[in-house]
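Structure at a glance
Below are the chains, spelled out letter by letter.
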Amino acid sequence: KFRAIVFMKLLMVSSEAFPFSKTGGLGDIAGSLPIAFDSIKINSSLAIPLYKENYKFVNKKNLFAKFKIKHNKDDIEVEIIKIKHPENSNITVYFVKQDNFFKRNGLYSENGKDYKDNASRFILFSKAIVQLLIHLYKKEKFKFDIIHLNDWQTALISLYVKEVYNNEEALKNLKVVFTIHNLAYQGNFSVDIYNLLNISWKFFVYNRLEFYGDVSFIKAGIILSDIITTVSPSYSKEIQSEGYGFRLNNLLSEKSEKLFGILNGVNDKSWNPKTDKYIKYHYEINSNIKSVEECIKKKKLIRNSLYREFNLKNNSFPLITMISRFDPQKGLDLIYSSFFELSTYDGNFIFLFSKDNYFKTFEEDFIKRANRTKNIKVVFEFDEALAHRLTAGSDMYLMPSKFEPCGLNQIYSMKYGSLPIVHSVGGLKDTVINYSGNKSANKATGFVFNNYSVKDFVDIMDLAFNLYNNKNIWNKLIYNAMNKDYSLLKTALEYKKLYKRLLK
């Protein structure tokens with residue numbers, strides 16, 4: 001008997017997705033997964049808000065539908081714009097267009113301050129997605145099998161699908177997957193916003209939306225989805241404990257049977273030293289360890305151009321980089337407290353941080369300390385090209401995060417032959433294999449410290465700098481790191497297993 005190939009139909013819903021919009025790892029993964037899914041016979045579409053920066057992708061011909069959406073007592077007109085994905089025409093992208101809500105200079109914030117109406121914006125977005133699902137069924141008899149939601153901005157959709165509009169034929173049997181990219185961001189708002197939901201107060205209870213007197217968007221996703229995923233196996237365990245659970249650890253423990261950790265992967269088209277459009281000198285590893293020498297030659301050319309650009313002396317010194325949001329979560333207090341030690345190393349440091357930050361006072365103090373040194377440069381800018389050049393030109397990459405759901409930059413750095421220095425937590429623990437002496441040299445891909453303390457951080461930095469001059473071992477670690485496979489295809493295949501399980 002022959003069975004026809006069945007494409008499962010999936011809608012990925014996110015508040016951001018690269019190449020359309022991005023503030024961090026959520027944008028990378030939500031944007032890349034649909035493309036990876038296409039190669040493994042999952043028919044996926046993507047739905048995101050139409051932000052100011054997205055207008056270059058659309059025109060008036062792309063209008064697909066118009067709805068009037070009840071928003072408290074207002075009727076708000078929302079348009080759905082439909083295009084083919086610019087990188088893969090098999091993927092449909094649905095933009096939710098409402099200019100008063102989404103056509104702004106930022107995605108969630110400006111000048112370090114969240115938009116005051118973020119609750120309202122993403123409630124409207126959630127309602128629009130549900131109306132899109134209903135419209136597709138009524139007009140085209142088209143139904144998705146799975147809707148995959150990401151973070152608090154989309155979590156309310158699970159409530160609308162499962163309990164508010166559950167009698168709609170379009171939503172019957174629709175399975176909901178909810179991914180937590182960072183539990184620290186929960187979408188908790190004052191009960192004053194409740195009327196915007198246009199739902200009964202019966203949902204304002206502990207086992208639905210109520211959370212210490214507030215309305216919690218993320219709780220809807222946790223409680224009402226069919227499957228919850230996080231972005232690394234270790235993080236899925238950590239968030240069930242008090243230290244990392246941000247007051248939701250007990251609830252997540254209760255839901256542990258449907259909670260899975262799937263490690264994020266890297267999009268080879270965007271991050272690949274062999275083809276990277278942002279770097280001048282390309283390189284790749286092969287089965288021969290001697291190929292490391294060729295990679296290092298190319299890396300040094302990129303490094304030297306960065307030294308000229310940033311007016312850093314001593315071309316023979318290694319380059320250590322960090323590319324990150326400017327957020328204490330990322331271990332910035334360890335770096336801040338270690339500036340004296342960093343200034344004494346025979347190495348140069350370039351830190352690339354996001355521009356609009358919530359921690360302005362700390363940012364000013366951080367810059368002041370950095371400016372007292374000769375070998376540390378700090379840049380506050382969103383610059384994708386510079387991020388790629390720093391990754392390619394560096395010898396070591398810093399990621400001493402307090403907690404890290406997955407992290408992608410340590411994976412990028414290994415792929416580019418820059419050895420990561422990380423705290424043993426979440427996805428960092430799952431991806432970086434620690435160098436702990438010559439016996440570990442055949443497996444190690446970087447340096448891992450266990451206790452979140454200045455002492456442990458400086459000790460691991462000392463170890464890395466001492467080892468840098470032992471070229472045999474150092475090159476072996478680069479070889480191991482560049483040969484590690486953390487591809488997006490692996491991530492997609494893990495999701496496919498979960499989706500199949502759901503549809504059974």
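All of these numbers come straight from a predicted model, not from anything done at the bench. (Residues numbered from 1 in each chain as written. Predicted model: local features only at pLDDT ≥ 70, side-chain atom pairs only at ≥ 80, totals over all residues. Heavy atoms only, no water.)

1. Some remarks on the overall build of the protein chain
Broken down by element type, the protein chain carries 17 helices and 20 strands. Over its C-alpha atoms the protein chain spans a radius of gyration of 23 Å, differing by no more than 12% from the 23 Å that the globule rule assigns to 504 residues. With the C-alpha coordinates of the protein chain rotated into their principal frame, the extents come out at 65 × 60 × 45 Å. Counting the 504 residues in the protein chain, one finds 60% classified as buried. Restricting the contact set of the protein chain to residue pairs at least 6 apart, pairs at least 24 apart contribute 72%. On the protein chain, roughly 21900 Å² of surface is accessible, and the fraction owed to carbon and sulfur atoms is 48%. Placing the 73 positive and 52 negative side-chain charges of the protein chain at their respective mean positions leaves the two points 5 Å apart. (Helix = DSSP H or I, 4+ residues; strand = E, 2+ residues; numbered from the N terminus. Rg over C-alpha atoms; globule rule 2.2 N^0.38 Å. Buried < 20%, exposed > 50% of the residue type's maximum accessible area, 1.4 Å probe, protein only. Contact = heavy atoms within 4.5 Å. Areas by Shrake-Rupley, 256 points an atom, 1.4 Å probe, with all protein chains shown as cover. Lys, Arg positive; Asp, Glu negative; His and termini not counted. Charge placed at Lys NZ, Arg CZ, Asp CG, Glu CD.)

2. So, the pairing of strand β16 (residues 348-353)
With six of its six residues buried, β16 lies for the most part within the structure. Going residue by residue along β16, you find N348, I350 and L352 tucked away on one face and F349, F351 and F353 tucked away on the opposite face as well. Across five bridges, the pairing between β16 and strand β17 (residues 376-380) is parallel. Its bridge partner being in β17, F351 is matched across the sheet by V378. Following the backbone out of β16, through helix α11 (residues 360-371) and into the adjacent parallel β17, one traces a crossover that is right-handed. (Pairing = 2+ DSSP bridges. Right-handed = clockwise from strand over helix to strand, strands pointing away.)

3. Let's talk about unusual backbone geometry
Looking along the chain, the bond that leaves F18 and enters P19 is cis, with omega of 10°. Tracing the backbone through its elements, the reader meets P19 in the loop between β1 (8-13) and α1 (25-38). Of note in the backbone geometry, N111 takes a positive phi value of approximately 50° without being a glycine. With respect to the helices and strands, N111 occurs in the loop between β6 (109-110) and β7 (113-114). The class of N111 is exposed, set by a relative accessible area of 61%. Even without being a glycine, N198 presents a positive backbone phi close to 55°. On the secondary structure map, N198 appears in the loop between β10 (188-189) and β11 (210-211).

4. Some words on the sheet that holds strand β12 (residues 214-216)
The sheet built from three strands is open, its strands ordered β10-β12-β11 with antiparallel pairing. Both edges of this open sheet fall to β10 and β11, since each of them pairs with a single strand only. With two bridges connecting them, β10 and β12 associate as antiparallel partners. In the sheet register, N188 faces β12, and the bridge partner there is S216.

5. Comments concerning the pattern of salt bridges
In the structure shown here, the tally under the stated rule is 22 salt bridges. Between K172 and E169 there is a salt bridge whose closest N-O contact spans 3.6 Å. A residue is classified by how much of its surface remains accessible, and K172, at 36% relative accessible area, is partly exposed. Residue class for E169 comes out partly exposed when judged on its relative accessible area of 37%. Salt bridges linked by common partners bring K66, E79, K97 and D99 together as one network. (Salt bridge = Lys/Arg side-chain N within 4 Å of Asp/Glu carboxyl O.)

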